[in-house]
Amino acid sequence: MAETGPETILLDLFRTNQVRERLIATALDDIELPAEDYPFYVLVGAEGPWTPTALAARVVMPLSTVLFRVGRLEKRGHAERIPNPDDRRSFLVQLTAEGQQLLASARPRFRSYAEAVEERLGGEQVGTLRTGLDGLREAMESELSRE
């Protein structure tokens, strides 16, 4: 087996994301909302409406991926496109009444888990982690832009 060196921070991040996904799935256990789509419900429902381009920037995902994910919400009848009053060539995405209702039942359940995690960590460590994650994202973006 080839020597690959010590584990990287990116492997730690991957493992942490796996646990985050399990936390969401546990919180939404009996709700008809796929865990992988939960962040889109929150962002579109709580911060929206969004243009797809602005949403892609917010979640740091390619526009094509965001359109695919939003399409999943639309197919379930939980999101809809509305005219963009600032740009007639564009549209906004918002949750439907049914999507808002689903979010209203799901969000408090996940939020209780998220707040419990932050309480276990304490405010100072949460701040340190946020700063560290910002630095990690910036370092990764720098590597990507190097090519």
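Residues numbered from 1 in each chain as written. Predicted model: local features only at pLDDT ≥ 70, side-chain atom pairs only at ≥ 80, totals over all residues. Heavy atoms only, no water.

Draft legend 1. Looking closely at helix α4 (residues 63–75). Relative to the 18 Å expected for 13 residues at 1.5 Å per residue, α4 spans 18 Å between its end C-alpha atoms, a close match to the ideal helical length. For α4, every residue scored as buried is listed here: Val-66, Arg-69, Val-70, Gly-71 and Leu-73. Where α4 is buried, its residues touch α2 (38–47), α3 (52–59), β1 (79–83) and β2 (91–95). Gly-77 sits one or two residues past α4 and shows a positive phi near 80°. (Helix = DSSP H or I, 4+ residues; strand = E, 2+ residues; numbered from the N terminus. Expected span 1.5 Å × (residues − 1). Buried < 20%, exposed > 50% of the residue type's maximum accessible area, 1.4 Å probe, protein only. Contact = heavy atoms within 4.5 Å.)

Draft legend 2. How the structure looks around the side chain of Thr-96. Note on placement: Thr-96 falls in the loop between β2 and α5 (97–121). Given a relative accessible area of 14%, Thr-96 falls into the buried group. Here Gly-77 takes part through its backbone oxygen, which lies 2.7 Å from a polar atom of the side chain of Thr-96. Setting aside residues up to four positions removed in sequence, Thr-96 forms contacts with Gly-77, His-78, Ala-79 and Glu-80. (Polar contact = N/O pair within 3.5 Å; in protein donor to acceptor, adjacent residues only side chain to side chain.)

Draft legend 3. Up close: a nonpolar patch on the surface. A grouping of Ile-9, Leu-10, Leu-13, Leu-133 and Met-140 is seen on the molecular surface, where their side chains present a nonpolar patch of about 400 Å² in accessible area. The set of elements that each furnish at least two residues to the nonpolar patch consists of α1 (9–27) and α6 (123–145). Tallying contributions element by element places α1 first for the nonpolar patch, with 3 residues. Along the chain, the position of Leu-10 falls in helix α1. (Patch = residues over 30% accessible without salt bridge, like charges linked within 9 Å, V, L, I, M, F, W, Y side chains within 5 Å. Areas by Shrake-Rupley, 256 points an atom, 1.4 Å probe, with all protein chains shown as cover. Salt bridge = Lys/Arg side-chain N within 4 Å of Asp/Glu carboxyl O.)

In short, geometric facts, not functional conclusions.
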